[in-house]
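Next come the chains, spelled out residue by residue.
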Amino acid sequence: MTHRSSLTLLAVPNNFLRSSDLLQRYSPANVADVIRYHVLLQYLSWSELRQIPSAGKLVTTLYQTTGHATNNLGAVNLTRNPIDGTVYVPSPVAYSPSNATILSLAKTVPYNVSIFIVNSILIPYRFDLMASENQPNITRVLKDGRHFNVAASMLTASGVVEEIEADERGAGITVFAPTDEAFADLPTTERLQSLPAQRKAAVLKFHVLHPYYPLGTLESIVNPVQPTLATEEMEAGTFTLNITRVNGSVAIDTGIVQALITQTVFYQNPVSIFAKE
């Protein structure tokens, strides 16, 4: 968040946190996303909150920038009671009791940051806090995505998937998965299946970064040149990817071709998987 200068934080006091088992029961990745949902990407003052229409004001959160929330489901709808002026954040989860009321202003740095105290933790819409903490099976995730059958088959047949999943430990991994349509668009002269096993493995590893990156982090990478798993096995400076922004989207440039990230397929530390065209 260091590069963002206009924020509103919804802070939950210790006494309300102690009454919740969120931090004790759920995975660090899930807790991190809940925290991101409490960071609003807009500076709001007390006077601005008091002027919110009774119908509500939709504000984007840091969770929305991860790419894991579809449409505006990573935003919060700040609402004001027209009778007593109370400002609250109704939970987007119908069965959840986690409606938060804004109690007071803790601190403000005008036009940059304001911190408001709220009386409850907010849970994003359709957020599965009970997601398994086991390491995800990359092949299964791709097959469940329904548009990555060729990539899943190649990973399985080459045996590379076991090596990639072994690299989930530590810093995690980021996978850029070509869709079936992307494979269909390849020129007939590009026959990946006919490559020698070692070259095919290098091509597959060329689609994997060793660190785990959510979408929001990819968008803000300072040094765009990133080594891949293939770089680690070849000489330094080869098989690197250039991560840039093109028309608001994250672009992956190999130096020969450029592809855009079109979808977040999976996102849970230590693995993120993105679809590329």
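Everything below is about the structure shown above.
Scope of this entry: the structure provided in the associated data block.

Reading guide: rules and limits
Residue positions are given per chain, counting from 1 as you read along its sequence in written order. Thresholds applied to this predicted model are a pLDDT of at least 70 for local features of residues and 80 or more for the giving and counting of side-chain atom pairs; totals over whole chains, interfaces and linings are not thresholded and use all residues. Water and hydrogen atoms play no part in the side-chain values, which are based on all heavy atoms of the structure. We call two strands paired when DSSP finds no fewer than two bridges between them. Secondary structure elements follow DSSP: runs of H or I of four or more residues count as helices, runs of E of two or more count as strands, with numbering from the N terminus. The buried label goes to any residue with under 20% of its type's maximum accessible area, the exposed label to any with over 50%, and the partly exposed label to all in between, with areas taken from a 1.4 Å probe on protein chains only. Contact between two residues is taken to exist if any of their heavy atoms lie within 4.5 Å; hydrogens are not considered. Note on aromatic contacts: the rings of Phe and Tyr and the six-membered ring of Trp form a pair at centre separations within 6.5 Å, being stacked when their planes are under 30 degrees apart, edge-to-face when over 60 apart, and tilted otherwise. Any Lys or Arg side-chain nitrogen found within 4 Å of a carboxyl oxygen on Asp or Glu counts as a salt bridge. Among buried residues, the Ala, Val, Leu, Ile, Met, Phe, Trp, Tyr and Cys ones that are joined through side-chain atoms within 4.5 Å form a nonpolar core.

With respect to the sheet that holds strand β7 (residues 113-118)
Inference 1: Strand order in the open sheet made by the 7 strands is β2-β1-β7-β6-β5-β4-β3, with mixed pairing throughout. Two strands in the sheet have a free side with no partner beyond their single neighbour: β2 (39-40) and β3 (57-60).

What to know about the pairing of strand β6 (residues 100-109)
Inference 1: Relative to β6, strand β5 (residues 87-89) runs antiparallel, the two sharing 2 bridges. When the bridges of β6 are listed, Y88 appears paired with T101.

Quick notes on the environment of A230
Inference 1: Examined against the element boundaries, A230 turns out to sit in helix α11 (residues 229-233).
Inference 2: Look at A230 and you get buried, because its relative accessible area is 1%.
Inference 3: Sequence separation of A230 and F206 is 24 residues, and the distance between their C-alpha atoms is 5.1 Å.
Inference 4: When residues no more than four places from it in sequence are discounted, the contact partners of A230 are A202, K205, F206 and F239.

As for the sheet that holds strand β9 (residues 208-209)
Inference 1: Strand order in the open sheet made by the 7 strands is β9-β8-β14-β13-β12-β11-β10, with mixed pairing throughout. Strand pairing shows two members of the sheet lacking a second neighbour, β9 and β10 (225-227), which therefore form its edges.
Inference 2: Two elements, strand β12 (residues 249-253) and strand β13 (residues 258-268), share 3 bridges in a ladder whose sense is antiparallel. Looking at the pairing, D253 lines up with Q258 of β13.

Brief notes about the packing of aromatic side chains
Inference 1: All chains considered together, the criterion is met by 5 aromatic pairs.
Inference 2: Consider the rings of W46 and F116, whose centres lie 5.3 Å apart with planes at 85 degrees: the pair is edge-to-face. Within this pair, whereas W46 is found in helix α4 (residues 46-50), its partner F116 is found in strand β7, the two being separated by 70 residues in sequence.
Inference 3: By relative accessible area, W46 is classed as partly exposed at 24%.

Concerning the pattern of salt bridges
Inference 1: One pass over the full model with this rule turns up 2 salt bridges.
Inference 2: A salt bridge links R36 to D33, with the nearest nitrogen and oxygen atoms 2.7 Å apart. Pair noted here: R36 and D33 are both in helix α3 (residues 28-36), with a separation of 3 residues, about one helical turn.
Inference 3: In this structure D33 comes out as buried when scored by relative accessible area, which is 3%.
Inference 4: Across the salt bridge formed by E219 and R245, the nearest N and O atoms sit 3.1 Å from each other. Here the residue E219 occupies a position in helix α10 (residues 215-219), and R245 occupies one in strand β11 (residues 240-246), the gap between them amounting to 26 residues.

A word on helix α9 (residues 197-205)
Inference 1: Of the positions making up α9, those classed as buried are K200, A201, A202, L204 and K205.
Inference 2: For α9, the elements touching its buried residues are α6 (149-158), α7 (160-166), β9 and α11.

Description of the environment of E181
Inference 1: With respect to the helices and strands, the residue E181 is situated in helix α8 (residues 180-184).
Inference 2: A relative accessible area of 59% places E181 in the exposed class.

Remarks on the nonpolar core
Inference 1: Core analysis: the largest hydrophobic core is formed by 23 residues, its most contacted members being I138, L142, L155, I164, I173 and I273.
Inference 2: Broken down by secondary-structure element, the contributors of at least two residues to this core are α5 (138-145), α6, α7, β8 (173-178), α9 and β14 (271-276).
Inference 3: Counting residues per element, this core draws most heavily on α6, at 4 residues.
Inference 4: Membership of the second largest hydrophobic core comes to 22 residues, among which are L49, V76, I121 and L122.

Keep in mind that these numbers describe shape and distance, not what the molecule does.
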